[in-house]
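Structural description and commentary
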Amino acid sequence: MDSPIVSSALRALFHHRACLLRRTSSSLLAHRLRHNGVSIAHARALATGGGRPGRQKESEVTWQPRTLNLYQDVSEEFKRYPTVTAQDLVNRTERPRRVKMWARDFIDDSLYNPNYGYFSRQAVIFSPGTPFDFPSLLDDFEFYKVLGERYTAFEDKLDAEQGYNEVRQLWHTPTELFKPHYGHAIARYLVTNYKLSLYPYHDLVIYEMGAGNGTLMRNILDYIRDTDPDVYERTKYKVIEISPQLAELQRKTLAETYHILPVTTPMPTSSSSTGIDIETARGGGGKLSIPSDHAARVEIINKSIFQWDTYVSDPCFFLALEVFDNFAHDMIRYDYATGLPLQGMVLIDSRGDFHEFYTPELDEQATRFLALRKGARSTAWFPLSAIRSDPLWMFRSPPSPLSSLARSIRAKLPFATNLSKPEFIPTKLVQFFEILRDRFPAHRLVTADFHSLPDAVEGVNAPVVQTRYRRKTIPVSTIYVHQGYFDILFPTDFALAEDLYRALTGKLTRVMAHAEFVKRWCYTEDIRTKSGESPLMTWYQNASFMSSV
């Protein structure tokens, strides 16, 4: 157990005099609940380099961004240390040292390593318990107050059962906050589209990737069973879950699911005439609770979607809700002199400190992504996230057709950096779309995620990197952080995602705002407060849905 050590390290980090405060934003509440969070810059060593190399061949050059900061020269270590991937580290029980890896593999290892990864060991998904009765609440502020009380009670209970944990990583999803309404809205979408095109010739087959506590699975199956028994009889639900702990939690959720039936006649004293096991039935108040038969329709598959090797020929719906944000990205910077891309790597030294490098030798995945984006984009590529953060981006960034003159002027400025701000490219998203194309050719994708996030690190399409310490959310300024204790979540550029998906699968798509989806598929009277506000719509204004058509 490394929790006491990590607690000590984080305590020292958060009180370090060199830490730099930066602006926080309350709008991230739409994604992860905060409790008086503060923001600091990460204190680990981040090496950045000086001038350009001499007359070396380009294939031998490894670049580091030039800044005013002093740095430790680890060029020799960079030559000696082996390059590893996240897959190479799967069986390691300790975080690696004396290695180097692509940024993509570092992120993947930090989040998903079975032995120390964020989702494998540290993350706890908040559950509010009893669903919120929105019509009884006055407005959004009262909902926020009640939610804060339930958050505190939930964590107090964990402390009582497991002991106080300063670095417990607790987060929530819309599925949990707005159950069962959110799940029922998804179910209505699925059943309606199933009946329009597949029923009665095919079964309703649903794959859910990353099912968390299993709440969405239960809410969808409950809705189908209660509203359309004929479709329920033909429903098959399959969960693809990378985390063994969450897979076990999903099985537990399934085992504890009960079906509430009205009792209009005296309860029998035995199960012989009804088929109901009275020993396990729980009744009261004119109702009878019996174990649900969802288990007969559910299969939980504990593996990564990126290791999927089964060919699924049947038409199916593939749910990927809030999973794109944790897909690993590569880092690309552009040489201001040539406009050519360089790919980011991180070196982890013998002390466990991180050093950032950039090389013009792009790996296969980054090269393929850049070529695919160039050929697939339906319009000129001007990322909205870059323009929002820097209105003059098109004059500064090498990919921009307007940047040539600006780059030549910039190169003559004193203390100018030799590389552009990093761009985070979704190479893992391309792999996911390729798996859907090759292994699920008859799929229909349903995905939802955040198209923008506040408090991101520097760069284009940059992620939010954050941890929780003493029940406070702490966003930091770099992706290179202690593996397993920080959530690394990216915004999704849905315009780009559409172009990539269409180019790779040949399927058409539709993107709509989260609020539009909710209005169309949710019974809005069930989620409105007395003031007429709906937290389900107001809390997720920075989210969008994308689906196959």
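Preceding this section is the structure that the text describes.
The notes below deal with the structure included here. Bear in mind that the values here come from a model prediction, so they are computed numbers and not experimental data.

Rules used throughout
- Here the residue numbering is sequential within each chain, running from 1 through the sequence in written order.
- In keeping with the predicted nature of the model, local features appear solely for residues at pLDDT of at least 70, side-chain atom pairs appear and are counted solely at 80 or more, and the whole-chain, interface and lining totals rest on all residues.
- Excluding hydrogens and water, the side-chain figures rest on all heavy atoms present in the structure.
- Only runs of H or I of at least four residues qualify as helices and only runs of E of at least two qualify as strands under DSSP, and these elements are numbered from the N terminus.
- A simple rule labels every residue: compare its accessible area, found with a 1.4 Å probe on the protein chains alone, to the largest value its type can have, and call it buried under 20%, exposed over 50%, or partly exposed in between.
- By the convention used here, residues are in contact when the closest approach between their heavy atoms is within 4.5 Å.
- Accessible areas in this description were obtained via Shrake-Rupley with a 1.4 Å probe; residue shielding takes into account the shown protein chains only.
- A 3.5 Å cut-off defines polar contacts: any pair of N or O atoms within that distance qualifies, except that in protein one atom must be a possible hydrogen donor and the other a possible acceptor, and neighbouring residues in sequence count only when both atoms are side-chain atoms.
- Only strands that DSSP links by at least two bridges are regarded as paired with each other.
- Angles run from 0 to 180 degrees between N-to-C directions of axes, and those axes are lines fitted to C-alpha atoms, restricted for helices to the stretch in contact.
- Only protein atoms enter the 1 Å grid used here. Points where a 1.4 Å probe fits but cannot escape make up a cavity, open sets with protein on both sides within 12 Å along at least five of seven lines make up a pocket, and a residue lines them when an atom lies within 4 Å of a point.
- Grid points are joined across faces, edges and corners, and a volume is the space filled by probe spheres set on the points.
- Under the scheme applied here, ten amino acids are nonpolar (Ala, Val, Leu, Ile, Met, Phe, Trp, Tyr, Cys and Pro), four are charged (Asp, Glu, Lys and Arg), and all others, including Gly, are polar.
- What sets the label is the angle itself: under 35 degrees gives roughly parallel, over 145 gives roughly antiparallel, 65 to 115 gives roughly perpendicular, and the rest give oblique.
- For a crossing to be left-handed, the near helix must be turned anticlockwise from the far one by less than a right angle; the clockwise case is right-handed.

With that settled, consider the overall build of the protein. Looking only at helices and strands, one finds 18 helices and 20 strands in the protein. Per-residue burial for the protein yields a buried fraction of 55% across its 549 residues. In the protein, 74% of the contacts between residues at least 6 apart in sequence involve partners at least 24 apart. When the accessible surface of the protein is totalled, it reaches about 25,000 Å², and 52% of it is carbon and sulfur.

Bringing the side chain of histidine 294 into the picture now. Mapped onto the elements of the fold, histidine 294 is located in the loop between strand 8 (287–291) and strand 9 (298–302). Side chain to side chain, histidine 294 and tyrosine 232 meet in a polar contact 2.6 Å long. In this view, histidine 294 contacts Arg218, Leu221, Asp222, Arg225, Tyr232, Leu254 and Thr257; residues no more than four positions away in its chain are not counted.

With that out of the way, let us pick up the sheet that holds strand 16 (residues 464–469). The strand order across the open sheet built from three strands is 17-16-18, with neighbouring strands paired in antiparallel fashion. At either end of the open sheet lies a strand with only one pairing partner, and these are strand 17 (472–476) and strand 18 (487–489). Sheet twist, expressed as the average angle between the axes of neighbouring strands with direction ignored, equals 30°. Of the strand pairs in this sheet, strand 16 and strand 18 are connected by three bridges, and their pairing is antiparallel. Counted as the bridge partner of valine 464 is leucine 489 from strand 18.

One water molecule sets the probe size; rolling that probe over the atoms shows where empty space is left. Tallied over the full model, the rule gives four cavities of 30 Å³ or more. Lining the largest cavity we find Phe324, His329, Pro426, Leu429, Asn461, Pro491, Thr492, Asp493, Leu496 and Ala497. Its residues assigned to classes, the lining of the largest cavity comprises six nonpolar, three polar and one charged.

Ordered in space as 9-5-4-10-15-20-19, the seven strands form an open sheet in which the pairing is mixed. The sheet is open, and its two borders are formed by strand 9 and strand 19 (509–513), each paired with just one other strand. Each adjacent strand pair in this sheet contributes to an overall mean axis angle of 15°, direction not counted. Across five bridges, the pairing between strand 5 (residues 235–241) and strand 9 is parallel. Along strand 9, the bridge assignment pairs isoleucine 240 with isoleucine 301. Its contacts with the sheet put helix 8 (residues 215–227) on strand 4 (204–209), strand 5, strand 9 and strand 10 (316–321), and the angle it makes with strand 5 is roughly 175°. The strands that helix 17 (residues 514–521) touches are strand 19 and strand 20 (543–548); relative to strand 19, the one it contacts most, it runs at about 95°.

On to the packing of helix 7 (residues 181–197) against helix 8. It is the contact of helix 7 with helix 8, at a shortest axis distance of 8 Å, that shows an interaxial angle of 55°. It follows from the interaxial angle that helix 7 and helix 8 lie oblique. Here helix 7 runs over helix 8; the crossing is right-handed. Residues Gly183, His184, Ile186, Ala187, Arg188, Leu190 and Val191 of helix 7 lie in contact with helix 8, whose contacting residues are Leu216, Asn219, Ile220, Tyr223 and Ile224. Taken together, the residues that form the contact of helix 7 with helix 8 break down as eight nonpolar, three polar and one charged.

Position of threonine 359 among the secondary structure elements: in strand 13 (residues 354–359). Here the side chain of threonine 359 touches glutamate 361 through a polar contact of 3.1 Å, landing on its backbone nitrogen.

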